[in-house]
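Listed below are the residues making up each chain.
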Amino acid sequence: MTIVTLDNFEKEVMQAETPVVVDFWASWCGPCMMLAPVMEALEPEVPGVKFCKVNVDDERDLAMEFQIESIPTLLCVKGGKAVMLCLIVSIVMIPLQNFLGGGVMEVFGCDPLLGIGCGSIALIGGPGTAAAFGPDLEAAGAVGGSVVSIAAATFGLVAGSLMGGPTAKRLIEKHDLYPETVAVGGTQGVGLATDVASEDERFITDSPRFVKGFMLLLLAVGIGNQVSVWLTALTGLTFPAYIGAMLVAVVVRNAMDGVHVEYPTEEIDTMGNMFLSIFLAMALAGLKLWELIDLALPMIVCLVLQCIVMFLFSYFVVFNVMGHGYDAAVMTAGFIGFAMGATSNAMANMQVVTKKYGPSPVAYFAIPMVGGMFIDFFNAVLISANISWWA
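Residue numbering note: each chain is counted from 1, following its sequence as written. Per-residue local features are limited, in this predicted model, to residues with pLDDT of at least 70; the limit for side-chain atom pairs, both in listing and counting, is 80 or more; totals at the level of whole chains, interfaces and linings are taken over all residues. The basis for every side-chain value is the complete set of heavy atoms in the structure, and neither hydrogens nor water enter the calculation.

Chemist: Describe the pattern of salt bridges, and please don't skip the residues or the numbers.
Modeler: One speaks of a salt bridge when a side-chain nitrogen belonging to Lys or Arg is within 4 Å of a carboxyl oxygen belonging to Asp or Glu. All chains considered together, the criterion is met by seven salt bridges. Glu-12 is paired through a salt bridge with Lys-50; the nearest N and O atoms lie 2.5 Å apart. Of this pair, Glu-12 sits in helix 1 (residues 9-14) while Lys-50 sits in strand 3 (residues 50-55), and the two are 38 residues apart along the sequence. For Glu-12, a relative accessible area of 18% translates into the label buried. Among the residues examined, Lys-50 registers a relative accessible area of 22% and is labelled partly exposed. Glu-266 is the salt-bridge partner of Arg-209, the closest N and O atoms lying 3.8 Å from each other. Of this pair, Arg-209 sits in helix 9 (residues 207-235) while Glu-266 sits in helix 11 (residues 265-285), and the two are 57 residues apart along the sequence. Judged by relative accessible area, which is 12%, Glu-266 ranks as buried. Three or more residues are tied together by salt bridges with common partners; here these are Arg-209, Glu-262, Glu-266 and Glu-267. Put simply, DSSP H or I for four residues or longer makes a helix, DSSP E for two residues or longer makes a strand, and each gets a number counted from the N terminus. Only protein chains enter the accessibility calculation, which uses a 1.4 Å probe. A residue is then buried if its area is under 20% of the maximum for its type, exposed if over 50%, and partly exposed in between.

Chemist: I'd like to hear about the side chain of Gln-306, residue by residue, with values.
Modeler: Within the secondary structure, Gln-306 sits in helix 12 (residues 296-321). In what follows, a contact means two residues having at least one pair of non-hydrogen atoms within 4.5 Å. For Gln-306, the contacting residues outside a window of four places in its chain are Gln-97, Leu-100, Gly-101, Cys-118, Gly-119 and Leu-123.

Chemist: So what's going on with the packing of aromatic side chains? Residues and values would help.
Modeler: Pairing of aromatic side chains here covers Phe, Tyr and the six-membered ring of Trp, requires ring centres within 6.5 Å, and sorts the geometry by plane angle: under 30 degrees stacked, over 60 edge-to-face, intermediate tilted. According to the stated counting rule, one finds five aromatic pairs in the structure shown. Summarising the aromatic geometry, the rings of Phe-313 and Phe-335 are spaced 6.0 Å apart at their centres and angled 35° between planes, so their arrangement reads as tilted. Here Phe-313, found in helix 12, pairs with Phe-335, found in helix 13 (residues 326-339); they are 22 residues apart in sequence, far enough to count as distant. With respect to burial, Phe-313 and Phe-335 carry one shared label: buried. Taken together, a centroid distance of 5.0 Å and an interplanar angle of 70° make the contact between Tyr-315 and Phe-316 edge-to-face. We classify Tyr-315 as buried; its relative accessible area is 8%.

Chemist: So what's going on with helix 12? Which residues, and what values?
Modeler: Expected span, for any helix, means 1.5 Å times one less than how many residues it has. When the terminal C-alpha atoms of helix 12 are compared, their 36 Å separation across 26 residues agrees well with the 38 Å that a helix rising 1.5 Å per residue should span. Considering bend angle alone, the principal kink of helix 12 is centred on Ser-314 and spans about 40°. Considered for burial, the residues of helix 12 that qualify are Pro-298, Met-299, Cys-302, Leu-303, Gln-306, Cys-307, Met-310, Phe-313, Ser-314, Tyr-315, Val-318 and Phe-319. Tucked into the core, helix 12 has its buried residues touching helix 4 (82-107), helix 7 (145-174) and helix 13. Bend is the name given here to the angle between axes fitted to two runs of seven residues, the run ending at a residue and the run starting at it.

Chemist: Now, about the packing of helix 6 (residues 126-139) against helix 15 (residues 361-390): what can you tell me, with residues and values included?
Modeler: Every axis in this analysis is a line fitted to C-alpha atoms, fitted for helices over the stretch in contact. Angles between the N-to-C directions lie between 0 and 180 degrees. Following both chains from N to C, one finds helix 6 and helix 15 inclined at 20°, their axes separated by 12 Å at the closest point. The orientation of helix 6 relative to helix 15 falls into the category roughly parallel. Crossing handedness for the pair helix 6 and helix 15: right-handed. Each of Thr-129, Phe-133 and Leu-137 in helix 6 lies in contact with helix 15, whose residues at this interface are Asp-376, Asn-379, Ala-380, Ile-383, Ser-384 and Ile-387. Gly falls in the polar group here, along with every residue not listed as nonpolar (Ala, Val, Leu, Ile, Met, Phe, Trp, Tyr, Cys, Pro) or charged (Asp, Glu, Lys, Arg). Considered class by class, the residues forming the contact of helix 6 with helix 15 number five nonpolar, three polar and one charged. Each angle gets one of four labels, with under 35 degrees taken as roughly parallel, over 145 as roughly antiparallel, 65 to 115 as roughly perpendicular, and the rest as oblique. Handedness of each helix crossing follows the sense of rotation of the near helix against the far helix: counterclockwise by less than a right angle gives left-handed, clockwise gives right-handed.

Structure, rendered in structure tokens:
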């Protein structure tokens, strides 16, 4: 059996051409030791399936990502093209949101550029993209573009949170879907309880770990700010300020994993949630709502239609393109989360679904990759093209 770590998980599991069975185990777990010879004997008997094992004591980040709460646990992963398919449907959604928004604004006799502010700038882009492109809308002649974009992004965060879970629940129950995972023996891992923590659970930490996490964030933001400047100068496109920081963070995280330096995951997640709340509070406090009085009806109609289109597109297109299975249902919830607001929404939506119905490793791999990084580049290009179209 192939030993899988965080460093080789993508290559050995997610990029595998055949289905992969992953055994999450620990040396202190009696049932795990009983299952091991069975798995080793089964491997040569099933040539079309790859067998791997993950030691949860050594790979706590993987255990946390897949919400392993008892061991031994077996996951069946179909790996492969989920990221590319998710990226494709996300790219299709960008012009849909923008042309819907621009069309509604034109019907009401308003500047169609404001429709882009109620489109992918605010929804797929989220608050960060709204803050970045709002001034560009105003520079192109859309009075109140920043206020409209921030207000629409705030609406999208709320709507995405409300829509994702129920949509996935409907798909799972209608099609009688189940995760391809089985827990054997049900031995609860005491060591996991303190480290595999979701947003409503506790974890053990200390001040040095928070300081380490904060310094890593400062490093990513500091260097990333210059990277964003270079990207803008190189491409001539406007990118959200956080793009550079994200790229630097990816390099730092993988470098730390490569040299086996401990990464303060829970502490950075905690600070991320806190900073997002502060950002939203500051954005809302700075809204000049009186500028929206004349745009209230067009914005309401536009955003309601965006929600309807998002539901129909996710339910009938995303779910089927992603494979119309359990993983596809979970990814649908995640897609709604980031396509209506932010990647943090997507993760929260998927967490709600997987805590009730079971883990989805493919969804937890594909959605953060697309919603957290790749889609922002395509969104920036298409937003710039749409602004030029209507300017």
